[in-house]
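# Close look at the chain arrangement
Listed here are the chains, written in short residue letters.
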Amino acid sequence: MGTILEVNEVFKNFKDVKAVNGISFTVGEGEFVALLGPNGAGKTTTVEMIEGIQKPSKGQIRIAGMGWDDNEKSLRKIISLSLQETRFIDKLRVKETVQLFASFYGLSNIRVQEVITIVDLNEKVKSFVQNLSGGQRQKLALAIALLNDAPLLLLDEPTTGLDPTARREIWNILMNLKKKHNTSLILTTHYMEEAEYLCDRIIIMDKGEILAQGTLDQLLYANNSKEIIEFSTPNAIPESFFCGEGVEKLVWDENTHNGKLIVKSIVNQLPIFLSKASENGIVLSKLECRKITLDDLFISMTGKHLTAS
């Protein structure tokens, strides 16, 4: 497998703000990679630099071996993108909309019909855009992104706001693209299960830096010695309550009074946890013990939920 994208020690500064702080990663041909991080992590800035919208303050981005400085025209043919929300002309029909964008590339109606079929909009070709559901609008945006058959596709939160059925339909379209067209994908998403289902590798970002990257199995294996004691309590928690050997970290939500205690061993720590709770008069309304998940790992690294603003 060759490499379609190389990001090497890239920085991006806006006055005194370090939006991206020395990140490096690659994307292989036919590989799906997710960028995960809370708002402000640097995901959008990273994607904008890959797209050529922003220029790195320092470092290098190469797509198919080419940089943006001298190869903009060639690179525009190699990448395609779909944003979280795309504005269309309400009074145009679906096929007319795709034909309009196809005309920008000088593409025929054969290609128009191909992408309409790929995104499963054949039954809506005569429908006005204003009458489409949210999922159908996203399919239309994806159809337009696929018109030029670019080997590198960048999707910014493509299923945000969609119901589970519509979201799954988008996932199926993307998986078919991977199998049949060897498309490479960079995906930003606020859905952990989306990254797990679609992507070969996951990159976790926060505050402009990459905290971890690898396959799902690699990320979990690196933390497989960690386990979770998850609990809820209406009580205030003493500051020293969770100190002690064998306790990795506490993730505590003051608003919901839900906590996750990351420990080396549930067997060893649960009796200590229950004893301390009893000594401090803490009432547990919920208690669950389990292995660490990608969601737990993300929260432990960033201190935030993926959907946090």
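Please refer to the structure placed before this passage.
Notes on the structure in this doc start here. The model shown is predicted, which means the values in this text are computed figures rather than measured ones.

### Describing the packing of helix H3 (residues 94–105) against helix H4 (residues 109–118)
When two helices pack together, their arrangement is captured by the angle between the axes and the distance separating the axes. Following both chains from N to C, one finds H3 and H4 inclined at 125 degrees, their axes separated by 10 Å at the closest point. On the basis of the axis angle, H3 is oblique to H4. Relative to H4, H3 is oriented so that their crossing is right-handed. For the pair H3 and H4, contact is made by Lys-95, Val-98, Gln-99 and Ala-102 and by Asn-109, Val-112, Gln-113, Val-115 and Ile-116, respectively. Here the contact of H3 with H4 is built from residues that sort into five nonpolar, three polar and one charged.

### Focus on empty space enclosed by the protein
Throughout the structure, instances matching the rule amount to three cavities of 30 Å³ or more. Roughly 90 Å³ of volume is contained in the largest cavity. Every residue lining the largest cavity is listed: Ser-80, Arg-111, Ile-118, Ala-145, Leu-146, Asp-149, Ala-150, Leu-152, Leu-153, Leu-177, His-181 and Thr-183. Secondary structure elements with two or more residues in the lining of the largest cavity: H4, helix H5 (134–146), strand S6 (152–156) and helix H6 (164–181). Estimates place the volume of the second largest cavity at around 40 Å³. Considering the residues around the second largest cavity, the lining is formed by Ser-82, Gln-138, Leu-142, Leu-155, Pro-158 and Ile-170. The residue inventory of the lining of the second largest cavity, partitioned by class, reads four nonpolar, two polar and no charged.

### Structural notes on the sheet that holds strand S11 (residues 247–253)
Read from one edge of the open sheet, four strands run S11-S12-S10-S13, paired in antiparallel fashion. The open sheet has two edge strands, S11 and strand S13 (286–291), and neither has a second partner. Between one strand axis and the next, the sheet turns through 15 degrees on average, direction left out of account. Direction of pairing for strand S10 (residues 227–232) relative to S13: antiparallel, over a ladder of six bridges.

### Quick notes on a nonpolar patch on the surface
Taken together, Ile-89, Leu-100, Phe-104, Tyr-105 and Leu-107 make up a surface patch of nonpolar side chains, about 480 Å² in accessible area. Position of Tyr-105 among the secondary structure elements: in helix H3.

### Concerning the packing of aromatic side chains
Counting across every chain of the model gives four aromatic pairs. Between Trp-171 and Tyr-197, the ring centres sit 5.0 Å apart and the planes meet at 25 degrees, which makes this aromatic pair stacked. In this pair, Trp-171 is assigned in helix H6 and Tyr-197 in helix H7 (residues 192–198), connecting sequence segments 26 residues apart. On the basis of relative accessibility, which here comes to 5%, the residue Trp-171 falls in the buried class.

### Here's the deal with the pairing of strand S3 (residues 32–36)
Most of S3 is tucked away, with five of its five residues classed as buried. Across the two faces of S3 the burial is the same, with Phe-32, Ala-34 and Leu-36 and Val-33 and Leu-35 all buried. By the bridge criterion, four bridges tie S3 to strand S7 (residues 184–188) in an arrangement that is parallel. Bridge pairing in S7 places Val-33 opposite Ile-186. Relative to strand S8 (residues 201–206), S3 is paired through four bridges, and the arrangement is parallel.

### Regarding the environment of Asp-90
Note on placement: Asp-90 falls in the loop between strand S5 (79–82) and H3. Taking the C-alpha atoms as reference, Asp-90 lies 58 Å from Leu-270; in sequence the two are 180 residues apart. With sequence-adjacent residues up to four places away left out, Asp-90 is seen in contact with Phe-128, Val-129, Gln-130 and Arg-137.

So, how was this worked out
- Residues numbered from 1 in each chain as written.
- Predicted model: local features only at pLDDT ≥ 70, side-chain atom pairs only at ≥ 80, totals over all residues.
- Heavy atoms only, no water.
- Axes fitted to C-alpha atoms, helices over the stretch in contact; angles between N-to-C directions.
- Helix = DSSP H or I, 4+ residues; strand = E, 2+ residues; numbered from the N terminus.
- Parallel < 35°, antiparallel > 145°, perpendicular 65-115°, else oblique.
- Left-handed = near helix turned anticlockwise from the far one by under 90°.
- Contact = heavy atoms within 4.5 Å.
- Nonpolar A, V, L, I, M, F, W, Y, C, P; charged D, E, K, R; others polar.
- 1 Å grid on protein atoms, 1.4 Å probe; cavity = no way out; pocket = protein on both sides within 12 Å on 5 of 7 lines; lining within 4 Å.
- Points joined across faces, edges and corners; volume = space filled by probe spheres on them.
- Pairing = 2+ DSSP bridges.
- Patch = residues over 30% accessible without salt bridge, like charges linked within 9 Å, V, L, I, M, F, W, Y side chains within 5 Å.
- Areas by Shrake-Rupley, 256 points an atom, 1.4 Å probe, with all protein chains shown as cover.
- Salt bridge = Lys/Arg side-chain N within 4 Å of Asp/Glu carboxyl O.
- Phe/Tyr/Trp six-rings, centres within 6.5 Å; stacked < 30°, edge-to-face > 60°.
- Buried < 20%, exposed > 50% of the residue type's maximum accessible area, 1.4 Å probe, protein only.

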